[in-house]
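Fold and contact review
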Amino acid sequence: MMRRYILTGAPGAGKTTIAEALRRRGHVVVAEAATDVIGQTPQLEADSAAFLDRIVAVQRERQLAATGALQVFDRSPVCTLALAAYFGVAPTRALVAEAERIARESTYERRVLFVRLMGFITPTAARRISLAESERFERIHAEVYRDLGYELLDVPPAPLEHRVAQVAEVIAAA
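Let me sum up the structure you'll find in this document. Quantities reported herein were computed from a predicted structural model and do not represent experimental measurements.

1. A short note on the side chain of Thr-8
Note on placement: Thr-8 falls in strand 1 (residues 3–9). On the accessibility criterion, Thr-8 (0% relative accessible area) is buried. Those residues in contact with Thr-8, other than ones at most four positions away along the chain, are Lys-15, Arg-75, Cys-79, Val-112, Leu-113, Phe-114, Val-115, His-141 and Tyr-145.

Below is the structure:
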């Protein structure tokens, strides 16, 4: 039986750093789509519908291609729904269809590892968000997951090894 865990949180929370540490420990980790979409097609950011659709398409491709009985996903289509809410736009048809598919197929574990912000943001080429905006996104993000019936397991601010150990313990226990 395949188990797929979502590792998520607001931009700058440290989830990708945790995901990379899990990968180094031998876990199957599926990379976040949005950062790659921004890097490959930065012009899409100006068109929120095209941007959301490209993210969800890459997420689906990666989810379907992933192998291994235990997988950790750096974000999911539910995160893309939260992104639409953050942008203040309606989810696209493709995004709604993907959200319905993952719910119908129980694609992901219902317990989601929600990485909380550390209290600062390190800007990158893809992450151009202030701490205040990231905190707003964190609230929206948590609300969207809860509204869809997911249980959020908080990964609070702490040194990296502590956070990685907490996540590894959760995925190993199931």
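2. Here's the deal with the environment of Thr-124
With respect to the secondary-structure elements, Thr-124 resides in the loop between strand 4 (111–115) and helix 6 (131–147). Between the alpha carbons of Thr-124 and Pro-77 there is a distance of 22 Å; along the sequence they are 47 residues apart.

3. Some remarks on the pairing of strand 3 (residues 70–74)
Across the 5 residues of strand 3, 4 count as buried, placing the element largely inside the fold. For strand 1 and strand 3, the ladder comprises 5 bridges, and the chain directions are parallel. Bridged to Tyr-5 within strand 3 is Val-72. Pairing between strand 2 (residues 28–30) and strand 3: 3 bridges, direction parallel. Across the sheet, residue Val-29 finds its bridge partner in strand 3, namely Val-72.

Definitions and cut-offs
Residues numbered from 1 in each chain as written. Predicted model: local features only at pLDDT ≥ 70, side-chain atom pairs only at ≥ 80, totals over all residues. Heavy atoms only, no water. Helix = DSSP H or I, 4+ residues; strand = E, 2+ residues; numbered from the N terminus. Buried < 20%, exposed > 50% of the residue type's maximum accessible area, 1.4 Å probe, protein only. Contact = heavy atoms within 4.5 Å. Pairing = 2+ DSSP bridges.

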